[in-house]
Amino acid sequence: MARTLPKPDAIPRPAHLVAREGGLALVAEALDDARIHGSLLLFDGAAGIGKSRLLAEVGRVAQGLGACTLRGRGGELEVGFPFGVARQLFEPRLADPDALRRAELLASAGAAAPLLTGTQADDLVAAGDAVLHGLTRLVRRLSDDQAVLLAVDDLQWVDRRSLELLVYLSQRLEDLRLVITCTRTSGESGPNADLADRLESGPLARVEVLAPLDEDGVEEMAAIEGFANATPEFVEAVTGSTGGVPFLVKGLLASARGAGLGGDEAARVGALASEPVWRAITLRLERLPEGARALAHATAVLGRDATAARAAAVAGLDHFTGLEAADRLRRAEILGSSHSTLRFRHAIVKESIYAGLAPRDRAQAHVSAGRAMSDEVGGGEAAAEHLLQTQRVGEPWAIGVLRDAGRSALAAGRRERGIAYLRRALDEEPAGQERAALLAELGEAEAAAGDPAGAARLALAAESSQSDSARAQTLERLGGALWLLGQASAATEAFERGLVQEEDGDRPRTARMQAGLLMASRFSPELRERAMERLGPVLREPGFSRPREPGVLACIAFERALAGRRSARVSELAERALEGGALADADALPGPECFAACCALVWADSLSTAEIALTMALESARSRGHAGAAAAASRFRAWTVLQRGRLSHAAADALDSTNADSGGPSAAVPSVATILAEIDMEQGRLEEASLLLEDPANRTSWEDGPRHAFHMAARGRLHFLRGEHDMALEDLLDCGRRLESLGVHNPSVLPWRSRAAMAAAAGHDSARATSLAAEEVSLARTFGAPRALGIALRAAALVGPAEDRLAGLREAAEALERSPGALDRARVLIDLGGELRRGGHRREARERLRVGLDLAHRCEASVLATRAHEELVAAGARPRRERLSGSEALTPRERQVAQLAARGVRNREIAQRLFITQKTVEWHLGNAFRKLELHSRDSLIGALGDDPPPEAADVAQPDADAGPATTLRS
């Protein structure tokens, strides 16, 4: 049945709305279409073009057509307050006097209900995704009975969380009886322009640019404003002076009327219109009592915070004088008609008045507004916002307000706002210990944001501290910040100074600084010699009768691991350091001591325990918005899971750390580029690995310590895979010289000797190959970590005499059976299977090769899997070809991400649904495209079969670790 579209003539003509009937017709048409699908209308235009007036009439028309109308407006001063506009939209609807109806709506809102009742606001901001879902459910419930119109004014000043809600709803318009109508001022991008742009680019979005009035429209408006007999010259002068912008037209006509002009005095109209719009408004204000002018100025400064009481306080008026002034402003059509709040009739009026204030008067008004709001419960951040608009107040209350607001914002994850408040508090010039504490808080926040100025601020805070304990605490923060920035020398100095201040003081802090000193100095010969004078006694083996702080135990485990002394004892010490969550906990930011313990666990082959600790550290860093700590934890975890053979997980973690990884701490973990290159080589992408290793931005030097060794080891492996054996050996020996110079002999840190032995053997230098392999076997046996021993035994077997090869590979396989390193286990099983086949043991060969093939597939090591398949065929087996491309080759997570992408879900929403990062989504999609041999999201449709995408909780990632699970002792 054909639908009858509304025509402009069928829309009720609103009073005082000129030349906007077409916009109302569009809204009526959209509400009619809402029976089938929702839509989004965005009215764009210059300031004062009449957008707000049109939106108000849109609401009236919608109500006349039986729609549920929800209204909200963005504001520049409150754009930093999460879900502010969302509250405007829904709170009035929930004021239903029918208690049952209100309870029903709140129930449908789910996790968003506390937001709409004004409770637990901070928790709701942290759980923003659940709130978005709850508000969507509320809209869906409202639309069960009638079409819903969401009318949002000034989109450019809507807070980010509310904008995310609008985007979230706009992507579900196909099954919602919802019309979203917004206005946006051209030329004002606002702080969240990316989301606003995304909103208007949706498939069901329509953008209408509101044009200025022509002379007919101006003539009509002039008649409305009392110039019914205006001459054509008068209308032409008004049109030319205002450009036909309705607000300017109305303001000019009001000024003309106030000046006593008639409709035939075109010349004088031109003179009035030559002044900026604030002059026109000021002319009207000057005819009002002084109290009304002061109240208008105060209301402009307060913005959406304006109430009669607050505005009167800022204006210096008593209660009754303030009420009288507000009534005068309403009668003058400067303020709106509402008596509960003070709002200007047009936003441009407020901006004009605000801009017209003298700088000193404006600053004093903001100070008064801040003082008034600081006395209210919960008004701290609003008061701080006003103080941001001022220079030094010189009163103690201002420091307290700004500092408390900064702490609250940082705790809620609004790092940039928190830093702004603390910087402004510093402008108040606090003295003594208060200044030192403020410098420390600000420096730590800036360092967490990756700002190098944070370290300088912490250093200044340490100099300003007036007690040894406070100075030591600040120096600990400074050392940690410098260590995360990769500034080993400066970090060492900070930790040394902190330890001097902390003599016989706080034991846990002392232990943390000792760990920081060890980690910062360990891989610099000059710094290490100096640091060991202080750390020597600390690193002695502890007896069980002498309990040590977790940070000290982490140091001992780290040093024992580097020295290659008994992996079982290393694991025990590291686990004791981590037990109870003292070093890796959601309530503690990970520091050098946490990473020291995790390094020791990785080298001791306790990979599961290390991964758990690093996951906790990563979650803690992310919850605190600490970019440097999150990048370090993500890179550490990438290297850990790579040792377990989980290539996709390792790549995702490595990619997650790239944004903030500017070198990072100098612990014995490779750079992101090296990790990704190692993964590329496992999957046969030698050119990609070469690009990573040869990129000037990723190159390392001798001074980079272990990072250089890892880089050279990866480059040596690349040369080996290309058949460039002499170059491979040269790079690997260079890697060894760097590690040996740093006192690192344990092959668990990096098995460079076994790689060098393989390169030497390929280059027909069997003597050197045998010597290198034998040395690594000896060191690995001493340390006792199964993975390191298995790798060393495999190399020794492959470069040794042919008659000993089978026995050597069997021993290597036996060692790796005890290791969680699935990829290395797969590699030695395939080597062993091939050797068995060549020796005529075809049945056993097939058994070993099948296990190796399965492990290689689970690790996504495509090169190794192909080799295993070829060996199985040569051994007389007929293995089903495990596809390394096509939909069968997708891992469960890759299939899940690809299916959501095929349904049109964007990367950010996929990340939110699956509780992973957006970079991880991109990595899995890239793998899916490669395996499916596709190049776009559209081509995913039909390439994955008809199965629905599994929910996040139902997807079990294949664990490449076949060993027993290990958990942290609590």
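Residues numbered from 1 in each chain as written. Predicted model: local features only at pLDDT ≥ 70, side-chain atom pairs only at ≥ 80, totals over all residues. Heavy atoms only, no water.

This paragraph deals with the overall build of the chain. Each helix and strand in the chain was counted, giving 48 helices and 5 strands. Within the chain, buried positions represent 55% of all 970 residues. Taking the intrachain contacts of the chain between residues at least 6 apart in sequence as the baseline, contacts between residues at least 24 apart amount to 66%. On the chain, roughly 40,300 Å² of surface is accessible, and the fraction owed to carbon and sulfur atoms is 50%. (Helix = DSSP H or I, 4+ residues; strand = E, 2+ residues; numbered from the N terminus. Buried < 20%, exposed > 50% of the residue type's maximum accessible area, 1.4 Å probe, protein only. Contact = heavy atoms within 4.5 Å. Areas by Shrake-Rupley, 256 points an atom, 1.4 Å probe, with all protein chains shown as cover.)

This part is about the confidence of the model for the chain. Looking at the chain, the pLDDT average stands at 81 and 86% of residues meet or exceed 70. Taking the mean pLDDT of every element in the chain, the minimum, 56, falls on helix 6 (residues 121-126) and the maximum, 96, on helix 41 (residues 786-799). Long-range and interchain partners of residues 946-970, a stretch whose pLDDT sits below 50, account for 53 contacts in this model, where long-range means more than four residues apart. (pLDDT = per-residue confidence, 0-100.)

A few words on the nonpolar core. Looking at soluble globular proteins, one finds that nonpolar side chains tend to be buried together. Ranked by internal contacts, the top residues of the largest apolar core, which has 162 residues, are Phe558, Phe595, Trp603, Cys735, Leu750 and Trp752. The leading source of residues in this core is helix 31 (residues 592-603), at 10 residues. Aside from chain neighbours lying at most four places away, what touches tryptophan 603 is Phe558, Ala561, Leu562, Ala668, Ser748, Val749, Phe783 and Ala785. Among the nonpolar cores identified, the runner-up in size contains 42 residues, and Leu94, Leu115, Leu132 and Leu178 belong to it. (Core = buried A, V, L, I, M, F, W, Y, C linked by side-chain atoms within 4.5 Å.)

As a further point, take the pairing of strand 1 (residues 39-45). Strand 1 sits mainly inside the fold: 7 of its 7 residues count as buried. The alternating pattern of strand 1 places Ser39, Leu41, Phe43 and Gly45 on one face and Leu40, Leu42 and Asp44 on the opposite face, and all of these are buried. Two elements, strand 1 and strand 4 (residues 178-185), share 7 bridges in a ladder whose sense is parallel. Looking across to strand 4, one finds that leucine 40 is bridged to isoleucine 180. Pairing analysis gives 5 bridges linking strand 1 to strand 5 (residues 205-209), with the strands arranged parallel. When the sheet's bridge partners are listed, leucine 40 is paired in strand 5 with alanine 205. (Pairing = 2+ DSSP bridges.)

It is at 8 Å that the axes of helix 29 (residues 550-563) and helix 30 (residues 567-578) come closest, and there the two elements cross at 155 degrees. In terms of axis orientation, helix 29 runs roughly antiparallel to helix 30. Note that helix 29 runs across helix 30; the crossing there is left-handed. Residues Pro550, Leu553, Ala554, Ile556, Ala557, Arg560 and Ala561 of helix 29 pack against Arg569, Val570, Leu573, Ala574, Arg576 and Ala577 of helix 30. (Axes fitted to C-alpha atoms, helices over the stretch in contact; angles between N-to-C directions. Parallel < 35°, antiparallel > 145°, perpendicular 65-115°, else oblique. Left-handed = near helix turned anticlockwise from the far one by under 90°.)

With that settled, the discussion passes to the packing of helix 20 (residues 380-387) against helix 21 (residues 396-411). Contact pair helix 20 / helix 21: the axes reach a minimum separation of 9 Å and the direction vectors enclose 115 degrees. For the pair helix 20 and helix 21, the sense of crossing is left-handed. Each of Gly380, Glu381, Ala383, Ala384 and Leu387 in helix 20 lies in contact with helix 21, whose residues at this interface are Trp397, Ala398, Val401, Leu402, Ala405, Ser408 and Ala409. Residue composition of the contact of helix 20 with helix 21, grouped by class: 9 nonpolar, 2 polar and 1 charged. (Nonpolar A, V, L, I, M, F, W, Y, C, P; charged D, E, K, R; others polar.)

On to a negative patch on the surface. There is a patch of like negative charges on the surface, built from Asp214, Glu215, Asp216, Glu219, Glu233 and Glu236. Among the secondary structure elements, those contributing two or more residues to the negative patch are helix 10 (215-224) and helix 11 (232-242). With 3 residues, helix 10 is the largest single contributor of residues to the negative patch. As for its position among the elements, glutamate 215 is in helix 10. (Patch = residues over 30% accessible without salt bridge, like charges linked within 9 Å, V, L, I, M, F, W, Y side chains within 5 Å. Salt bridge = Lys/Arg side-chain N within 4 Å of Asp/Glu carboxyl O. Lys, Arg positive; Asp, Glu negative; His and termini not counted. Charge placed at Lys NZ, Arg CZ, Asp CG, Glu CD.)

In this structure the tally under the stated criterion is 0 disulfides. Free cysteine cysteine 599: the closest other cysteine sulfur is in cysteine 598, separated by 7.5 Å. (Disulfide = S-S within 2.5 Å.)

Time to look at the side chain of threonine 69. Residue position: threonine 69 is located in strand 2 (residues 68-73). Residues within four places of threonine 69 in sequence aside, it is in contact with Gly59, Ala62, Gln63 and Leu149.

The strand order across the open sheet built from 5 strands is 2-3-4-1-5, with neighbouring strands paired in parallel fashion. What marks the edges here is a single partner per strand, and that holds for strand 2 and strand 5. The average undirected angle you get between the axes of adjacent strands in this sheet is 15 degrees. Note: strand 3 (residues 148-153) against strand 4, 5 bridges, orientation parallel.

In this structure the tally under the stated criterion is 6 aromatic pairs. Ring geometry for phenylalanine 523 versus phenylalanine 558: centroids 6.3 Å apart, planes at 70 degrees, classification edge-to-face. A residue pair is termed long-range when its members are at least 10 positions apart, and phenylalanine 523 in the loop between helix 27 (507-521) and helix 28 (525-535) and phenylalanine 558 in helix 29 qualify at 35 residues. Each member of the pair, phenylalanine 523 as well as phenylalanine 558, carries the same accessibility label: buried. Between phenylalanine 595 and phenylalanine 636 the ring centres are 4.5 Å apart and the planes differ by 45 degrees, which places this aromatic pair in the tilted class. Placement of the pair is phenylalanine 595 in helix 31 and phenylalanine 636 in helix 33 (residues 627-643), with a sequence separation of 41 residues. Across the pair, phenylalanine 636 and phenylalanine 595 agree in class, each one buried. Among the aromatic side chains, those forming a connected cluster through ring pairs are Trp483, Phe595 and Phe636. We note arginine 172 situated over the ring of tyrosine 168; from NZ or CZ to the ring centre the distance is 3.6 Å. (Phe/Tyr/Trp six-rings, centres within 6.5 Å; stacked < 30°, edge-to-face > 60°. Lys NZ or Arg CZ within 6 Å of the ring centre and 35° of its normal.)

Attention now moves to helix 4 (residues 99-109). Arg101, Leu105, Leu106, Ser108 and Ala109 are the residues of helix 4 that are buried. Along the long axis of helix 4, the arc covered by the buried residues comes to 160 degrees, so they all point the same way. Of the exposed residues in helix 4, the ones pointing more than 90 degrees away from its buried face are Ala99, Leu100 and Ala107. Taken from the residues just after helix 4, glycine 110 is the one with a positive phi, measuring 55 degrees. (Arc of directions from axis to C-beta.)

The next subject is helix 20. Among the 8 residues that make up helix 20, 7 are buried, leaving the element largely enclosed by the rest of the structure. If you check which residues of helix 20 are buried, you get Glu381, Ala382, Ala383, Ala384, Glu385, His386 and Leu387.

A few words now on the pattern of salt bridges. Enumeration over the complete set of coordinates arrives at 56 salt bridges. Among the salt bridges present, the one from aspartate 824 reaches arginine 827, with a minimum N-O distance of 3.2 Å. Taken together, the residues span about one helical turn, with aspartate 824 and arginine 827 both in helix 43 (residues 822-838) at a distance of 3 residues. Residue class for arginine 827 comes out buried when judged on its relative accessible area of 14%. In this structure, a network of salt bridges that share partners links the residues Glu678, Glu682, Arg717, Arg755, Arg787, Asp824 and Arg827.

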